[in-house]
Amino acid sequence: MTSQTISRSDEVGLETISAVLAAGSTIHAWIKALHNGAPGRLTAHVDGDPAGAVETSNPHEFEFRLLTLQSGGETAFSYDPATTEVSVLYAFLPPRVLEEGVRLLHVSPANAAPEVSGGYHFRPPFGWMNDPNGFGRFGGKLHLFYQHYPHSLRWNNMHWGHAVSKDYLRWTHLPIFLPPSDQLAARADGRGGAFSGSAIALPCDETGLRIFFTEHMKDREPEEQVQFTAISRDLVNIEPASLILPARPAGLGLTTDFRDPYVFSGPDGNWKMLLGTRDREGGVILLYQTDDPAAAAGWTFLGTLHRENRFGMTAAECPCMVPLDGPANDPSTRWALIFGLLTSRDPATGRRNMTLATVGRFDGRSFSVEFEQELDFGTDAYAFQAFVDNAGPVGIAWLANWTDISREIDMPTAMTLPRRLALQGGALITPPVSSVESLRQRQLDAAGLLDGRTVDLANGSVEILLTLRQAGSTFRLDLEHPEATVAVQLSDEGLSIPFSVANAKASPRYIAAGARPSAIRIFLDAGSIEVFADDGRWTGTKRLPGFKGVSAARIIAAEGNVLAAEIWQLGL
């Protein structure tokens, strides 16, 4: 996906975007009229001949327009910058788009993705991104949808972005999948849009997928948030959506929070749906069911599946549920119920917006908790969504935390590395998927780490593996970063990611209290650190500021505490 250079034609005062495109190319354009009363207009020519034009009269928000090129050749898209603004322009060939993706022709300075050299985490090609949605395998490919605002690097009315992969790591960007409703799309005022949800495959005699999502419209009465479903038969284009849950359950004292439908097959073979909400006491997870094999209709409320009211949380967000150690229809199978604790704050550490994983038995109607643990002690793996793939459950999360969002700082938005989920030694482990080893390009010299010297980390996109003398052997790995003080430390208190930025009032303590691992695996990339201890028994993720990586590392430890060290240069 390489964007094209805009050239100005002095003869007519137009901006022109040029590219050689094939016959049959589909063009997606988002254009806006400027505030002078004239319509916004984008015109296409192929080899100098007119090939179509699109217009909008909306001066408030970019509107989607579609063009199809009947012939191929040198294609020029022209517009008058006095009357028209172009946010996004890309092209693709529909028969090959799942393999080739889209060709990005133009983005504006306001929504251009940051330059990240050598990064290996998933990032959108332009605009804002938050929660993963509809994560699953469909048509033989891994599909990742995500909360997306295409037209700036800040949150606004939500769309669903879309990408596909064969290995969880190397992603092909597809056309924007789901825009907000026309009523919401008309203005860039952050009133709502197509919020988070999930996806399932269509019945086995059909191809395609079905998505479920929340439509949010601020101040709408009586419901700000309602649930929709829609299908895509070609895995790229979506059909009109249908309203399936127009209201919250009555009589439970729930707030207007009613969102993030997660649909999965239950132990009884019926489709189940989880929804996050809240009441006066805290977060609530609701359970729905349908016996419709297509999951298109007939959803009925079964009751409250789980509730959580600790840490001052408000709503339970982005719930998901997967079987861990056996098939869904085996009564002995343990399930993981994972959800975000919106606005939560741990008074002991100051960490915010934590994610809880509860493990127990699920019979299709009730969930019996056996144990619980925090999913990620770094807290920057939010809105975690998982599905059961061929080799077991796999999940991914937004590599950020809402406490970091401000009007002054643009986010280096990314997703975490995808992670497996399994039971081991009475705990839920979340190691990275095995395909991460395919990112290893060459080994860097790690001998200096064992000698206490500072070791250069090239571009900072690296994997560091540390083997300790015994479980709990203490050490500190100091990491040089241009905008933050960051380290990985194992002490008598536990495993932590000490982190601070200049002029911050106070920094939370990102710690897995009591952790005593014997092996540490650290993934560094521009904008992030992910720590997996003892195969993901303790996992910590922290977003790092800016768009540059860690430049060097040094270990401080008693002699012999760190037995071995490896450093791998990573890249796609």
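Above: the structure in question.
If you're wondering where the values come from, they're calculated on a predicted model, not measured in any experiment. (Residues numbered from 1 in each chain as written. Predicted model: local features only at pLDDT ≥ 70, side-chain atom pairs only at ≥ 80, totals over all residues. Heavy atoms only, no water.)

Chemist: I keep staring at the pattern of salt bridges and nothing clicks. Help me out?
Modeler: Pairing is possible between side chains of opposite charge, provided their charged atoms come close. By the definition in use, this model includes 36 salt bridges. Glu 85 is paired through a salt bridge with Lys 32; the nearest N and O atoms lie 3.9 Å apart. Taken together, the positions of Glu 85 in strand 8 (residues 84–92) and Lys 32 in strand 3 (residues 26–33) put the pair 53 residues apart, joining distant regions of the chain. When its relative accessible area of 15% is taken as the criterion, Lys 32 is described as buried. With its nearest N and O atoms 3.9 Å apart, the salt bridge here joins Glu 99 to Lys 166. Of this pair, Glu 99 sits in helix 1 (residues 97–100) while Lys 166 is found in the loop between strand 12 (159–165) and strand 13 (171–173), placing the two residues 67 residues apart along the sequence. Put simply, Asp 257, Arg 259, Arg 278 and Glu 317 are held in one network by salt bridges that share partners. (Salt bridge = Lys/Arg side-chain N within 4 Å of Asp/Glu carboxyl O. Helix = DSSP H or I, 4+ residues; strand = E, 2+ residues; numbered from the N terminus. Buried < 20%, exposed > 50% of the residue type's maximum accessible area, 1.4 Å probe, protein only.)

Chemist: Any chance you could explain unusual backbone geometry here in plain terms?
Modeler: Glycine aside, the phi torsion of most residues is negative, and most peptide linkages are trans. Going from Glu 221 to Pro 222, the amide bond is cis rather than trans, its omega being -5 degrees. Mapped onto the fold, Pro 222 is located in the loop between strand 15 (209–217) and strand 16 (225–232). Positioned with a positive phi, Ala 295 is a non-glycine residue whose angle comes to about 60 degrees. Here Ala 295 lies in the loop between strand 20 (283–290) and strand 21 (300–308). You will see that Ala 383, though not glycine, has its phi angle at about 60 degrees, which is positive. Position of Ala 383 among the secondary structure elements: in strand 26 (residues 382–389).

Chemist: Would you take a moment to explain the packing of aromatic side chains for this structure?
Modeler: In this description, a pair of aromatic rings is defined by centroid distance and the angle of the planes. Under the counting rule described, the total for this entry stands at 23 aromatic pairs. With centroids separated by 5.6 Å and ring planes inclined at 45 degrees, the aromatic side chains of Phe 145 and Trp 160 adopt a geometry described as tilted. Highlighted residues: Phe 145 in strand 11 (residues 141–149) and Trp 160 in strand 12, separated in sequence by 15 residues. By relative accessible area, which is 0% here, Phe 145 ends up buried. (Phe/Tyr/Trp six-rings, centres within 6.5 Å; stacked < 30°, edge-to-face > 60°.)

Chemist: For this particular structure, what's the right way to read the nonpolar core?
Modeler: Considering soluble globular proteins, one finds that nonpolar side chains tend to be buried as a cluster. With 37 residues, the main nonpolar core has Ile 464, Leu 477, Leu 495 and Ile 522 as its most contacted residues. Here the element with the most residues in this core is strand 33 (residues 462–468); it accounts for four residues. Look past the residues within four positions of Leu 495 in its chain and what remains in contact with it is Phe 377, Val 488, Gln 489, Leu 490, Tyr 510, Ile 511, Ala 512, Ala 515, Ile 520, Val 531, Ala 533 and Trp 538. Ranked by size, the runner-up nonpolar core spans 35 residues in total, among them Phe 195, Ala 315, Leu 342 and Leu 465. (Core = buried A, V, L, I, M, F, W, Y, C linked by side-chain atoms within 4.5 Å. Contact = heavy atoms within 4.5 Å.)

Chemist: What should I look at first to understand the sheet that holds strand 28 (residues 419–420) in this one?
Modeler: Two pairing modes exist for strands in a sheet, parallel and antiparallel, and in both the strands are linked by backbone hydrogen bonds. The strand order across the open sheet formed by three strands is 26-27-28, and the pairing between neighbours is antiparallel. Here the strands that pair on one side only, and so sit at the sheet edges, are strand 26 and strand 28. One ladder, built from six bridges, connects strand 26 with strand 27 (residues 392–398); its direction is antiparallel. Across the sheet, Ala 386 pairs through a bridge with Gly 395, a residue of strand 27. (Pairing = 2+ DSSP bridges.)

Chemist: Help me understand the sheet that holds strand 25 (residues 367–374) in this model?
Modeler: Overall, antiparallel pairing links the four strands, which are arranged 22-23-24-25 in an open sheet. The strands lining the two open edges of the sheet, one partner per strand, are strand 22 (316–323) and strand 25. Neighbour-to-neighbour, the strand axes of the sheet open up by a mean angle of 25 degrees, direction not taken into account. Examined bridge by bridge, strand 23 (residues 335–341) and strand 24 (residues 355–362) share six bridges and lie antiparallel to one another. In the sheet register, Ile 338 faces strand 24, and the bridge partner there is Ala 357. (Axes fitted to C-alpha atoms, helices over the stretch in contact; angles between N-to-C directions.)

Chemist: Could you clarify how one ought to interpret the side chain of Asn 157 in this entry?
Modeler: Here Asn 157 lies in the loop between strand 11 and strand 12. A polar contact of 2.9 Å, which involves the side chain of Asn 157, links it to the backbone oxygen of Leu 184. In terms of polar contacts, Asn 157 uses its side chain to reach the backbone amide nitrogen of Arg 191, at 2.8 Å. Those residues in contact with Asn 157 that sit more than four places away from it in its chain are His 148, Tyr 149, Pro 180, Leu 184, Arg 187, Ala 188, Asp 189, Gly 190, Arg 191 and Gly 192. (Polar contact = N/O pair within 3.5 Å; in protein donor to acceptor, adjacent residues only side chain to side chain.)

Chemist: So what exactly am I meant to see when it comes to the side chain of Thr 26 here?
Modeler: Position of Thr 26 relative to the elements: it lies in strand 3. On the basis of relative accessible area, Thr 26 is assigned to the buried category, the value being 9%. Ignoring sequence-local partners within four residues, the contact set of Thr 26 consists of Leu 66, Leu 67, Thr 68, Tyr 90, Ala 91, Phe 92 and Pro 94.

Chemist: Is there a simple way to think about the pairing of strand 41 (residues 538–543) in this case?
Modeler: Consecutive side chains along a regular strand alternate between the two faces of the sheet. Of all six residues making up strand 41, six are buried, and the element is well covered by its neighbours. With burial as the criterion, each face of strand 41 is covered, one bearing Trp 538, Gly 540 and Lys 542 and the other bearing Thr 539, Thr 541 and Arg 543. Taken together, the six bridges between strand 40 (residues 528–533) and strand 41 define a ladder with antiparallel strand orientation. Of the residues in strand 41, the one forming a bridge with Ser 528 is Arg 543.

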